[in-house]
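Spelled out, the chains give:
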Amino acid sequence: PKSQSQLNLINCTICIEGNIASGKTTCLEYFGKTSNIEVLTEPVSKWRNVRGHNPLALMYQDPERWGITLQTYVQLTMLDRHMLSSPVRMMERSIFSAKYIFVENLFKSGKMPEVDYAVLSEWFDWLTTNISIPVDLIVYLQTSPQTCHERLKQRCREEEKVIPLEYLESIHQLYEDWLIKQSSSPLPAPVLVIPADYDLQKMLHQYEESRDKILAASNL
Ligand SMILES: Nc1ncnc2c1ncn2[C@@H]1O[C@H](COP(=O)(O)OP(=O)(O)O)[C@@H](O)[C@H]1O
Ligand SMILES: Cc1cn([C@H]2C[C@H](O)[C@@H](COP(=O)(O)O)O2)c(=O)[nH]c1=O
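Cut-offs and rules
- Residues numbered from 1 in each chain as written.
- Chains lettered and ligands numbered in written order.
- Predicted model: local features only at pLDDT ≥ 70, side-chain atom pairs only at ≥ 80, totals over all residues.
- Heavy atoms only, no water.
- Axes fitted to C-alpha atoms, helices over the stretch in contact; angles between N-to-C directions.
- Helix = DSSP H or I, 4+ residues; strand = E, 2+ residues; numbered from the N terminus.
- Parallel < 35°, antiparallel > 145°, perpendicular 65-115°, else oblique.
- Left-handed = near helix turned anticlockwise from the far one by under 90°.
- Contact = heavy atoms within 4.5 Å.
- Buried < 20%, exposed > 50% of the residue type's maximum accessible area, 1.4 Å probe, protein only.
- UniProt positions renumbered as here; feature names shortened; annotations may be inferred.
- Pairing = 2+ DSSP bridges.
- Core = buried A, V, L, I, M, F, W, Y, C linked by side-chain atoms within 4.5 Å.

Asks: Can you walk me through the packing of helix 8 (residues 145-155) against helix 9 (residues 165-180) in this structure?
Replies: Each pair of packed helices can be summarised by the angle the axes make with each other and by the distance between the axes. In the contact formed by helix 8 and helix 9, the axes pass within 9 Å of each other and the chain directions differ by 130 degrees. Relative to helix 9, the element helix 8 lies oblique. Judged by the sense of rotation from one axis to the other, the crossing of helix 8 with helix 9 is right-handed. Contact with helix 8, carried on its side by Pro 145, Gln 146, Cys 148, His 149 and Leu 152, involves Leu 165, Leu 168, Glu 169 and His 172 of helix 9 and no other residues of that element.

Following this line, the structure appears as structure tokens:
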């Protein structure tokens, strides 16, 4: 039987953040299997197929031309994820990392025209000012870019075959500035850091060690 605290669930959103192929989906699958939390994976399948088009592949082929297209759609689909109602959910990334990490990376690396960046930023500012998008906890899977490069090659997603180590290094740096140094963009929630360079077995152990701190955010 459920305890009183399990019955009195308040709305709670935990976002799992980290570099590409850092192990976010694997982490979500683990908590999905071993807790009452609802798990929301990133809508990558939508980014790979919107009415027969693949904006993710187009962005990697020609970021200057297609970055705005992908990031507009990422922003919409992430907002949609945030709006889904469930008492306690663990989400893969957030509308915040889409903007603070991926849009910033495109712009700072000179691959997004200033006008595209301005329009996306206006959209983001309007959405986050006018719509309540609460996040209760950010769990940051902290990896080295080299680990992600290895895992990316192992996962072998067709669109991502062109990603060099330098790209993962830039994403890593932006994550570190945002979540560790806390010097770049506003933090929507407190941050729990989980070192994530270890093998799967050790990672499951890491998740178990962090379980109480993670579930404390949800009163589960
Ligand atoms: N701790 C780990 N050690 C080795 N490989 C891992 C580990 N965690 C995940 N992987 C593998 O690395 C790849 C990327 O993991 P995934 O969970 O999909 O990352 P993300 O969702 O962050 O992109 C997958 O092939 C997955 O099986
Ligand atoms: C949020 C976001 C993601 N992407 C890209 C980066 C990766 O190629 C995929 C997501 O896969 P992951 O294994 O879950 O990291 O989408 C992007 O280009 N822009 C974004 O805002």
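Still to come is the rest of the account.
Asks: Mind showing me how you'd approach unusual backbone geometry here?
Replies: Most peptide bonds take the trans configuration, and most residues that are not glycine carry a negative phi. Of note in the backbone geometry, Arg 93 takes a positive phi value of approximately 55 degrees without being a glycine. Counting through the fold element by element, Arg 93 comes out in the loop between strand 3 (88-92) and helix 6 (95-108). According to the relative accessible area criterion, Arg 93 is buried, its value standing at 7%. Although it is not a glycine, Cys 156 adopts a positive phi angle of roughly 60 degrees. Mapped onto the secondary structure, Cys 156 falls in the loop between helix 8 and helix 9.

Asks: Just to check I follow, could you spell out the environment of Val 50 for this structure?
Replies: Positionally, Val 50 belongs in the loop between helix 3 (44-48) and helix 4 (55-61). Accessibility expressed as a relative area gives 23% for Val 50, which makes it partly exposed. Here the alpha-carbon distance between Val 50 and Tyr 73, two residues 23 residues apart in the chain, equals 9.0 Å. Among all residues touching Val 50, those that are not within four sequence positions of it are Pro 55 and Tyr 73.

Asks: How do you make sense of the UniProt feature "domain: Deoxynucleoside kinase" (unreviewed entry) in the protein chain when you look at a structure like this?
Replies: UniProt's feature table lists "domain: Deoxynucleoside kinase" (unreviewed entry) at residues 14-216, given in the numbering used throughout. Taken as a whole, residues 14-216 contains 59% helix and 12% strand, while its terminal C-alpha atoms sit 11 Å from one another.

Asks: Sorry if this is basic, but what is going on with the pairing of strand 4 (residues 137-142) here?
Replies: Regular strands have side chains that alternate between both faces of the sheet. With respect to burial, strand 4 is a largely interior element, five of its six residues being buried. Pairing analysis gives five bridges linking strand 1 (residues 12-18) to strand 4, with the strands arranged parallel. Bridging across to strand 4, Cys 15 finds its partner in Ile 138. Here strand 4 pairs with strand 5 (residues 191-195) via five bridges, running parallel. Bridge pairing links Tyr 140 to Val 193 in strand 5.

Asks: Explanation requested: the nonpolar core in the structure shown.
Replies: Generally speaking, nonpolar side chains in soluble globular proteins are found buried as a group. Membership of the largest hydrophobic core comes to 43 residues, with the highest contact counts inside it found for Ile 20, Ile 95, Phe 96, Tyr 167 and Trp 178. At the level of elements, helix 3, helix 4, helix 5 (63-83), helix 6, helix 7 (114-130), strand 4, helix 8 and helix 9 are the ones that each hand at least two residues to this core. Per element, the largest residue contribution to this core is eight residues, and it comes from helix 6. Setting aside its immediate chain neighbours within four residues, Trp 178 contacts Glu 17, Phe 96, Ser 97, Tyr 100, Ile 101, Ile 138, Ser 184, Ser 185, Pro 186, Leu 187 and Pro 188.

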